[in-house]
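Descriptive analysis of the structure
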Amino acid sequence: MTQLLLVEDDEVIRNTVRMALERYGYEVSVAEDGLTGLELFREQPPDLLLLDVMLPELDGIGLCRRVREFSLVPILMMSARGDALDVVSGLEAGADDYVIKPVESSVLVARIRSLLRRAGFTSDPSAQDGGQPEGAPAPAVLAFGEVEIDPGAMEVRRDGELVSLTPTELRLLLEFASNPGIVLDRRTLLREVWDYAWDGDSRVVDLHVQRLRAKIGAERIETVRGFGYKLRR
């Protein structure tokens, strides 16, 4: 059973979200403040962390940063406000996505499922049918300047050094690598990387591109103003 950790200080929201997620078959642990959430995370790492921005003891931004020091688990942040400060701060801290409270349980579950798919995805489509066919050649290593991408091993190296990417960052990079030199607009990236069937917030894309640039080199992903981004060959 998929394990979720919910960190939310509002008791009504905490219980409502927990019960809704349990109805969808998730096993949910809860914490009412950031420090307790961090302790529970260390004791039993969940498959996904769902946390509020405004938390006592240690706020959601701080908790997110602490978790990112040692874990790449998917993180979904919840905010009562949709202003740029909360959104940008959460994504810069290492969150993969965010939702605005109050949020319908069906939308929340859709976001959770999307994050879990990204965390467990493989570049080989045949994995849905039980893995790579026996005897099939391993995917070739892709090279873009000093950056090497091994889709089979799910590893990225820069100047020979292994680069630590979150599942979302890795999937974003693979999407660029599948379309080298081609401009990808934000709507396409939201659809292909975040599995959004609707128009999402383009800030999610922009902040993840920014984080990816910091890890593989700012010059490797080019901004095409008014259109989107492309990976330089």
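Report on the accompanying structure. Quick caveat: nothing in here was measured; it's all calculated off a predicted structure.

**Points about the overall build of the protein chain**
Each helix and strand in the protein chain was counted, giving eight helices and 11 strands. Taken across its 233 residues, the protein chain has 46% of its residues classed as buried. Of all intrachain contacts in the protein chain linking residues separated by at least 6 positions in sequence, the fraction that spans at least 24 positions is 60%. Per element, the accessible surface of the protein chain, about 11600 Å² overall, is 49% carbon and sulfur.

**A word on the packing of helix H6 (residues 167–177) against helix H8 (residues 202–216)**
Any two packed helices are characterised by how steeply their axes cross, that is the angle between the axes, and by the distance between the axes. Where H6 contacts H8, the axes come no closer than 10 Å and their chain directions differ by 85°. As summarised for this structure, H6 and H8 are arranged roughly perpendicular, according to the angle between their axes. Of H8, the residues touching H6 (which contributes Thr168, Glu169, Leu172, Leu173 and Phe176) are His208, Val209, Arg211, Leu212, Lys215 and Ile216. Looking at side-chain class alone, the contact of H6 with H8 contains six nonpolar, two polar and three charged residues.

**Observations concerning the packing of aromatic side chains**
Applying the stated criterion to the full structure yields one aromatic pair. Ring plane angle 75° and centroid distance 5.8 Å describe the contact between Phe41 and Phe70, whose orientation is recorded as edge-to-face. You can see Phe41 sitting in helix H2 (residues 34–43) and its partner Phe70 sitting in the loop between helix H3 (60–68) and strand E4 (75–79), a full 29 residues away along the chain. The exposure class assigned to Phe70 is partly exposed, which follows from its relative accessible area of 38%.

**A closer look at unusual backbone geometry**
The peptide bond linking Lys101 to Pro102 adopts the cis configuration, its omega dihedral lying at -5°. Turning to its location among the elements, Pro102 is positioned in the loop between strand E5 (97–100) and helix H5 (105–119).

**Some points on the sheet that holds strand E6 (residues 142–144)**
The four strands lie next to each other as E6-E7-E8-E9, forming an open sheet whose pairing is antiparallel. Lying at the two open borders of the sheet, with one neighbouring strand each, are E6 and strand E9 (161–163). Neighbour to neighbour, the strand axes of the sheet diverge by 30° on average, direction disregarded. In terms of strand pairing, strand E7 (residues 147–150) meets strand E8 (residues 155–158) through four bridges, oriented antiparallel. Counterpart to Glu148 in the pairing with E8 is Arg157. In the packing of H6 onto the sheet, contacts are made with E6, E7 and E8, and the angle to E7 comes to roughly 100°. Lying over the sheet, H8 contacts E7, E8 and E9, oriented at roughly 55° with respect to E8.

The rules behind the values
Residues numbered from 1 in each chain as written. Predicted model: local features only at pLDDT ≥ 70, side-chain atom pairs only at ≥ 80, totals over all residues. Heavy atoms only, no water. Helix = DSSP H or I, 4+ residues; strand = E, 2+ residues; numbered from the N terminus. Buried < 20%, exposed > 50% of the residue type's maximum accessible area, 1.4 Å probe, protein only. Contact = heavy atoms within 4.5 Å. Areas by Shrake-Rupley, 256 points an atom, 1.4 Å probe, with all protein chains shown as cover. Axes fitted to C-alpha atoms, helices over the stretch in contact; angles between N-to-C directions. Parallel < 35°, antiparallel > 145°, perpendicular 65-115°, else oblique. Nonpolar A, V, L, I, M, F, W, Y, C, P; charged D, E, K, R; others polar. Phe/Tyr/Trp six-rings, centres within 6.5 Å; stacked < 30°, edge-to-face > 60°. Pairing = 2+ DSSP bridges.

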